[in-house]
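Structural characterization, general
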Amino acid sequence: LADRLGIDYAWEVEHHFLEEYSHSSAPEVFLAACSQRTRNIRLGHGICLSPPGYNHPARVAERIATLDIVSNGRVDWGTGESSSLMELGGFRVPVEEKRAMWAEAVEQTANMMVMSPYPGFEGKYFSMPCRNVVPKPVQRPHPPIWVACSKRETIHLAARCGIGALTFAFVDPAEARHWVDDYYRILKTECVPIGHSINPNICMVSGFSVHPDKDEALKRGLDGFMFFGFALGHFNIFGEHRPGRTDVWQKYQAARGMMPTNDARGIGTPDEVRRHLRGFAEAGVDQVCFVQQGGNNRHDHICESLELFGRDIMPEFKERAAEHEARKLEMLAPYLERAMARKQKMGALADDEVPT
């Protein structure tokens, strides 16, 4: 449905052990299935957990490239460190080293997609000998890279690394402007690309439920969005969890009466959602990603919201998207060129240096 409507991206997370909050533990399988049922929509691997304790960098390079091939070049490669102790502890990834693990792994995964052969690497968190990592992706040098951000400091990291920022902190358009300004200022002055190309984009996450009647939009979408936020907090901030025994939905129901219900951005009538998105656009946000499948949200209600969005809201933003992107890239061109010149690329092996 999203592909037919002309929606640009479908993002699929990778999480492990997060019962009720997310059962998406093998997103590459799901996205491969999507690739065969669609023709235009981009497939966002958002995100692929990058510390080697979760995924060896060579396996990430192989999976992303294969997905890029079967989708005919429609993959965006989202990356992240993870933040939940349920996940980090399950894979024995030390919290204090996950950022350094992410940086080492993402840089080397990008090298593996680009170099033939990959010369090999002796790092702090993983090592491997010279191998030609195949297949190579359709998109050259590699699919656009993103990183999941829940704090402003990670937005700064994205800008310094020359990659897109997938922001999962729920901010209003006024606050978003500060995040956007920070990102592009740092991108222009401090960027040293972690990959072999730069992806200058900011995507903000928003709730989503559209209906001609505001009360019906809230009835259909607010409870699921609130549960999404509660479950996020349960696994990352305040929760205590017994695997296979804790009922997160029951905990949410018990706490629901004490939770604020006024954060319904992206949930409302077409006019209200349009104003919400205009605020993000005016703040300089490049993309908005809708959270629509939390809690007990019904599939038919989600589809009805998407149909209404595609007919009554999206055309206004579609018309301006190409112009915005072209103007932005023209303005950034000299800065991106200087940033790429600052990158110290891994040296390729001469023919006689490739080991047998």
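Refer to the structure above for everything that follows.
Let us look at the pairing of strand β1 (residues 9–12). In the case of a regular strand, side chains alternate between the two sheet surfaces. Where β1 meets strand β2 (residues 42–49), 4 bridges bridge the pair, whose relative direction is parallel. What sits directly across from Trp 11, in β2, is Gly 44. Regarding the hand of the β-α-β motif, the stretch spanning β1, helix α2 (residues 27–35) and β2 is right-handed.

The geometry of a pair of packed helices is captured by two quantities: the angle between their axes and the separation between those axes. Their axes nearest at 9 Å, the elements α2 and helix α3 (residues 57–70) cross at an angle of 15 degrees. When the axes of α2 and α3 are compared, the pair comes out roughly parallel. The two elements α2 and α3 cross, and the hand of that crossing is right-handed. When α2 is examined against α3, the residues Glu 28, Leu 31, Ala 32 and Ser 35 are found in contact with a partner set consisting of Arg 63, Leu 67 and Val 70. Tallied by class, residues from the contact of α2 with α3 come to 4 nonpolar, 1 polar and 2 charged.

Another aspect to go through is the nonpolar core. General note: in soluble globular proteins, nonpolar side chains tend to be found buried as a group. The biggest cluster of nonpolar side chains holds 66 residues, and the ones touching the most others in it are Trp 77, Tyr 183 and Leu 187. It is helix α7 (residues 173–190) that contributes the most residues to this core, 7 residues altogether. By size, the runner-up hydrophobic cluster in this structure holds 29 residues, among which are Tyr 21, Tyr 125, Phe 230 and Ala 255.

In this section: the packing of aromatic side chains. The tally for this structure, following the rule as stated, stands at 16 aromatic pairs. Between Phe 208 and Phe 290 the ring centres are 4.2 Å apart and the planes differ by 20 degrees, which places this aromatic pair in the stacked class. Separated by 82 residues along the polypeptide, Phe 208 in the loop between β8 (202–207) and β9 (209–210) and Phe 290 in strand β11 (residues 287–291) bring together distant segments of the chain. By the burial criterion, Phe 208 is buried, and Phe 290 matches it. Seen in terms of ring centroids, Phe 227 and Tyr 252 are 5.5 Å apart; in terms of plane orientation they differ by 70 degrees. Their pairing is edge-to-face. Of the two residues, Phe 227 is situated in helix α8 (residues 214–238) and Tyr 252 in helix α9 (residues 248–255); the sequence distance between them amounts to 25 residues. For the pair Phe 227 and Tyr 252, one class covers both residues: buried.

Taken together, the side chains of Ile 69, Val 70 and Val 138 present a nonpolar region at the surface, about 220 Å² in accessible area. Position of Val 138 relative to the elements: it lies in the loop between β5 (127–128) and β6 (145–149).

This brings us to the pattern of salt bridges. Taken as a whole, this structure holds 23 salt bridges when the rule is applied. Notably, a salt bridge pairs Arg 42 with Asp 76, separated by 2.6 Å at the nearest N-O pair. Here Asp 76 lies in strand β3 (residues 75–80) and Arg 42 lies in strand β2, a separation of 34 residues in the sequence. Residues Glu 304 and Arg 220 are paired through a salt bridge, measuring 2.6 Å at the closest nitrogen-oxygen approach. Residue Glu 304 is found in helix α11 (residues 299–312), and its partner Arg 220 is found in helix α8; the two are separated by 84 residues along the sequence. On the accessibility criterion, Arg 220 (15% relative accessible area) is buried.

Here we come to the sheet that holds β8. If you walk across this open sheet you meet the 7 strands as β1-β2-β3-β6-β7-β8-β11, and the pairing is parallel. Looking along the sheet, the strands with just one partner apiece sit at the ends: β1 and β11. The sheet shows a mean angle of 25 degrees between the axes of neighbouring strands, taken without regard to direction. Together, β1 and β2 form the strand contacts of α2, whose direction differs from that of β2 by roughly 175 degrees.

For the rest of this paragraph, the subject is the pairing of β11. With 4 of 5 residues buried, β11 is to be regarded as a mostly interior element. Taken together, the 5 bridges between β8 and β11 define a ladder with parallel strand orientation. By the bridge assignment, Ser 206 is partnered in β11 with Phe 290.

Conventions and cut-offs
Residues numbered from 1 in each chain as written. Predicted model: local features only at pLDDT ≥ 70, side-chain atom pairs only at ≥ 80, totals over all residues. Heavy atoms only, no water. Pairing = 2+ DSSP bridges. Helix = DSSP H or I, 4+ residues; strand = E, 2+ residues; numbered from the N terminus. Right-handed = clockwise from strand over helix to strand, strands pointing away. Axes fitted to C-alpha atoms, helices over the stretch in contact; angles between N-to-C directions. Parallel < 35°, antiparallel > 145°, perpendicular 65-115°, else oblique. Left-handed = near helix turned anticlockwise from the far one by under 90°. Contact = heavy atoms within 4.5 Å. Nonpolar A, V, L, I, M, F, W, Y, C, P; charged D, E, K, R; others polar. Core = buried A, V, L, I, M, F, W, Y, C linked by side-chain atoms within 4.5 Å. Buried < 20%, exposed > 50% of the residue type's maximum accessible area, 1.4 Å probe, protein only. Phe/Tyr/Trp six-rings, centres within 6.5 Å; stacked < 30°, edge-to-face > 60°. Patch = residues over 30% accessible without salt bridge, like charges linked within 9 Å, V, L, I, M, F, W, Y side chains within 5 Å. Areas by Shrake-Rupley, 256 points an atom, 1.4 Å probe, with all protein chains shown as cover. Salt bridge = Lys/Arg side-chain N within 4 Å of Asp/Glu carboxyl O.

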